[in-house]
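Structural overview
What follows is the residue order along each chain.
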Amino acid sequence: MTTHDEHDGTLRWGVLGATSYIATHLMPAVAATPGCALTAVASRPERAAAAAELGRAHGATAHPDYAALLADPAVDAVYIPLPNTEHVDWTLRALAAGKHVLVEKPMAMDEEGCARIEKAAEAASRSVMEAFMYRFHPQQRRAAEILANGEIGELRLVRASFAFRIESGSGNIRLDPALGGGATWDVGCYAVDVPLFFFGQAPQQVSARFSSRPGLTVDTSAVATMDFGQGRSAVVDYSIDYGPRAAYELQGTRGTLMVRNAWAMDGEDGVVTVLTEDGFREETIPSANHYHRQVDAFARAVRDGAPAPMSLADSRRTARVGSAFVASAAAGGAAVVTSGEATEAR
């Protein structure tokens, strides 16, 4: 499966949109990961000078455009942090060029886009993974362990809240509807993913209410419920109107588990709190760079020919549920989550 057997085994990375904010976190993680090297960067033409500076700083080639980077035989894998509306197209182009792909969330804004990527990945015998870096932080792994060992009982309710403020007039692409902007397909992806990750399945039905800041046409805040059946539910809220906030709770039949900072960055310890009938305790989770851990996990999967740790089935599910949120908010009622287009509940 790999494309780097002919040299020393190092997975050589290129970055499309290297001057984006999220890329500034990912590129150092690539450089710091054993068995990985950042070898090429590219950006929009108007950002060429900044991309060239980044290339020099990382010892990477700065290409004049994205297509030139994909044509570079010294690149084995690409990271794509482009605007949401460009994820599917450039992922497909990268696969056609024989590259492995780590693409920022959302992989696609509908399930059909994910299916196209999956088909192309199979045809190219290349790995593709959606970048949900928070999943790779050890506090999420510890929360999953506590849930699995039965300490809080059977999971019944997940609460997740993710928010940070983006100022109007900032020119941020998240405020541009033409680029797939809005809270749902940005910070909302994380809020949605938390219950999907811990329940391990998609909900049967969702009900979402969106609001938009005056003067903007994208959704900027949302509150939603998710029905997983058998008495299991989730309540999520997310926003680019207020914040910062990134917390979740897992409510089981015997107790509660709380993570108050799901974004815990490098140098910042995580904290998992457990409350049961037996008492209360806090576990401090040593700091970790979840971008580095994400890069390492993806690179290991590529080298081993193993499935990516964030599966394409997970990505299809996330896209399906996000589409159901949009359908519910537009209809003003609940939406059934189905494979394909979400439909209004009757």
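Before any of the text, the structure's been laid out above.
Heads up: these notes are all about the structure in this document. (Residues numbered from 1 in each chain as written. Predicted model: local features only at pLDDT ≥ 70, side-chain atom pairs only at ≥ 80, totals over all residues. Heavy atoms only, no water.)

1. Considerations on the overall build of the protein
Of the regular secondary structure elements, the protein holds nine helices and 16 strands. For 346 residues, the compact-globule formula gives about 20 Å, and the C-alpha radius of gyration of the protein, at 20 Å, lands near that figure. Taken along the three principal axes of its C-alpha coordinates, the protein extends 55 × 45 × 40 Å. Counting over 346 residues, the protein shows a buried share of 54%. (Helix = DSSP H or I, 4+ residues; strand = E, 2+ residues; numbered from the N terminus. Rg over C-alpha atoms; globule rule 2.2 N^0.38 Å. Buried < 20%, exposed > 50% of the residue type's maximum accessible area, 1.4 Å probe, protein only.)

2. Looking at the pattern of salt bridges
On inspection of all chains with the given rule, the structure shows 21 salt bridges. For K105, the salt bridge goes to D186, with nearest N and O atoms at 3.4 Å. You can see K105 sitting in the loop between strand 5 (100–104) and helix 5 (111–124) and its partner D186 sitting in the loop between strand 7 (155–163) and helix 7 (187–199), a full 81 residues away along the chain. Look at K105 and you get buried, because its relative accessible area is 6%. The exposure class of D186 is buried, given its relative accessible area of 10%. Its salt-bridge partner being D186, residue R174 comes within 2.9 Å of it at the nearest N-O pair. Taken together, the residues R174 in the loop between strand 7 and helix 7 and D186 in the loop between strand 7 and helix 7 connect sequence positions twelve residues apart. One salt-bridge network, in which partners are shared between bridges, spans R142, E145, E151, R281 and E283. (Salt bridge = Lys/Arg side-chain N within 4 Å of Asp/Glu carboxyl O.)

3. Focus: the state of the cysteines
For the structure shown, the criterion picks out zero disulfides. Free of any disulfide, C189 has its nearest cysteine sulfur in C114, 10 Å distant. (Disulfide = S-S within 2.5 Å.)

4. Section: the sheet that holds strand 3 (residues 61–63)
Read from one edge of the open sheet, six strands run 3-2-1-4-5-6, paired in parallel fashion. Two strands in the sheet have a free side with no partner beyond their single neighbour: strand 3 and strand 6 (128–131). When the angles between neighbouring strand axes are averaged without regard to direction, this sheet yields 25°. Both strand 5 and strand 6 contribute to a ladder of four bridges, which runs parallel. In the strand pairing of strand 6, V101 is matched with V128. Of the strands in this sheet, strand 1 (11–16), strand 2 (36–42), strand 5 and strand 6 touch helix 8 (residues 290–304), which is tilted by about 150° from strand 5. (Pairing = 2+ DSSP bridges. Axes fitted to C-alpha atoms, helices over the stretch in contact; angles between N-to-C directions. Contact = heavy atoms within 4.5 Å.)

5. Here's the deal with the packing of helix 1 (residues 21–32) against helix 8
Pairs of packed helices are described in terms of their axes, by the angle between the two and the distance that separates them. Close contact between helix 1 and helix 8 brings their axes to 8 Å; oriented N to C, the two are set at 60°. With respect to their mutual orientation, helix 1 and helix 8 come out oblique. Considering the relative orientation of helix 1 and helix 8, their crossing is right-handed. Contact residues: helix 1 offers I22, H25, L26, A29, V30 and A32, while helix 8 offers Y291, H292, Q294 and V295. When the residues that make up the contact of helix 1 with helix 8 are grouped by side-chain class, the tally is seven nonpolar, three polar and no charged. (Parallel < 35°, antiparallel > 145°, perpendicular 65-115°, else oblique. Left-handed = near helix turned anticlockwise from the far one by under 90°. Nonpolar A, V, L, I, M, F, W, Y, C, P; charged D, E, K, R; others polar.)

6. Comments concerning the packing of aromatic side chains
For the structure shown, the criterion picks out eleven aromatic pairs. Judged by centre distance (5.5 Å) and plane angle (45°), the ring pair of F198 and Y248 falls under tilted. Placement of F198 in helix 7 and of Y248 in strand 11 (residues 245–252) is noted, with a sequence separation of 50 residues between them. Classification of F198 by relative accessible area gives buried; the value is 10%. Every member of this aromatic cluster is reached through a ring pair, and the members are F132, Y134, F162, Y190 and W263. (Phe/Tyr/Trp six-rings, centres within 6.5 Å; stacked < 30°, edge-to-face > 60°.)

7. Brief notes about the packing of helix 4 (residues 87–96) against helix 5
At a closest axis distance of 9 Å, the pairing of helix 4 and helix 5 adopts a crossing angle of 5°. Considered as vectors, helix 4 and helix 5 are oriented roughly parallel to each other. Between helix 4 and helix 5, the residues in contact are V88, T91, L92 and L95 and G113, R116, I117, A120, A121 and A124, respectively. Considered class by class, the residues forming the contact of helix 4 with helix 5 number seven nonpolar, two polar and one charged.

8. Quick notes on the pairing of strand 7
Within a regular strand, side chains alternate between the sheet's two faces. Within strand 7, seven of the nine residues are buried, leaving the element largely enclosed by the surrounding structure. Pairing analysis gives eight bridges linking strand 7 to strand 11, with the strands arranged antiparallel. Bridged to L157 within strand 11 is Q251. As judged from the seven bridges shared by strand 7 and strand 10 (residues 232–239), these two strands associate in the parallel manner. Directly across from F162, in strand 10, lies its bridge partner Y238.

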